[in-house]
Amino acid sequence: MESSMKTNQKTVEELERLLADYIQVIEASDLRHLSANMYMTQSINFVRWVKGDYVPKGRTNKSEIAVG
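Here's a quick rundown of the structure. Bear in mind the structure is a predicted one, so any value in this text is a computation, not a measurement.

## Remarks on the overall build of the protein chain
A tally of helices and strands in the protein chain yields 2 helices and 0 strands. Across the 68 residues that make up the protein chain, the buried fraction comes to 16%. Put simply, of all contacts in the protein chain between residues at least 6 apart along the chain, 62% involve residues at least 24 apart.

## Things to note about the pattern of salt bridges
Within this structure, the stated rule accounts for 4 salt bridges. The salt bridge partner of E14 is R17, with a shortest N-O separation of 2.7 Å. Of this pair, E14 and R17 both sit in helix α1 (residues 9–28), separated by 3 residues, roughly a single helical turn. With relative accessibility at 42%, the residue R17 sits in the partly exposed group. Among the ionic contacts, a cluster of salt bridges with common partners joins E14, R17 and D21.

## What to know about the nonpolar core
Counting 6 residues, the largest nonpolar core is built from L19, I23, I26, A36, M40 and V47. Within the residue set of this core, elements represented by two or more residues are α1 and α2 (33–51). Dropping the residues within four chain positions of it, A36 is found in contact with I26 and L31.

## Things to note about the packing of α1 against α2
Between α1 and α2, the least distance of the axes is 10 Å, while the angle of their chain directions is 175°. The orientation of α1 with respect to α2, classified from their angle, is roughly antiparallel. Within the contact between the two elements, α1 uses V12, L15, E16, L19, Y22, I23, I26 and E27 and α2 uses A36, Y39, M40, S43, I44, V47, V50 and K51. Looking at the contact of α1 with α2 residue by residue, the class counts come to 12 nonpolar, 1 polar and 3 charged.

The rules behind the values
Residues numbered from 1 in each chain as written. Predicted model: local features only at pLDDT ≥ 70, side-chain atom pairs only at ≥ 80, totals over all residues. Heavy atoms only, no water. Helix = DSSP H or I, 4+ residues; strand = E, 2+ residues; numbered from the N terminus. Buried < 20%, exposed > 50% of the residue type's maximum accessible area, 1.4 Å probe, protein only. Contact = heavy atoms within 4.5 Å. Salt bridge = Lys/Arg side-chain N within 4 Å of Asp/Glu carboxyl O. Core = buried A, V, L, I, M, F, W, Y, C linked by side-chain atoms within 4.5 Å. Axes fitted to C-alpha atoms, helices over the stretch in contact; angles between N-to-C directions. Parallel < 35°, antiparallel > 145°, perpendicular 65-115°, else oblique. Nonpolar A, V, L, I, M, F, W, Y, C, P; charged D, E, K, R; others polar.

Keep in mind these values describe shape, not function.
See the structure below:
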């Protein structure tokens, strides 16, 4: 899967500004911690994907996790 930026730098900067505003709204809301965390994580990952810094993955199978 391609991991290069999906748009131009100006658009990425605007997305990051809007993401920061969105996170402030979530933090000020009455959402439960886990719900707020999910909203923030998904949004952050979307912006990272647009920047070419993230590739979506499926669930990690517990048997695939290395035991250290």
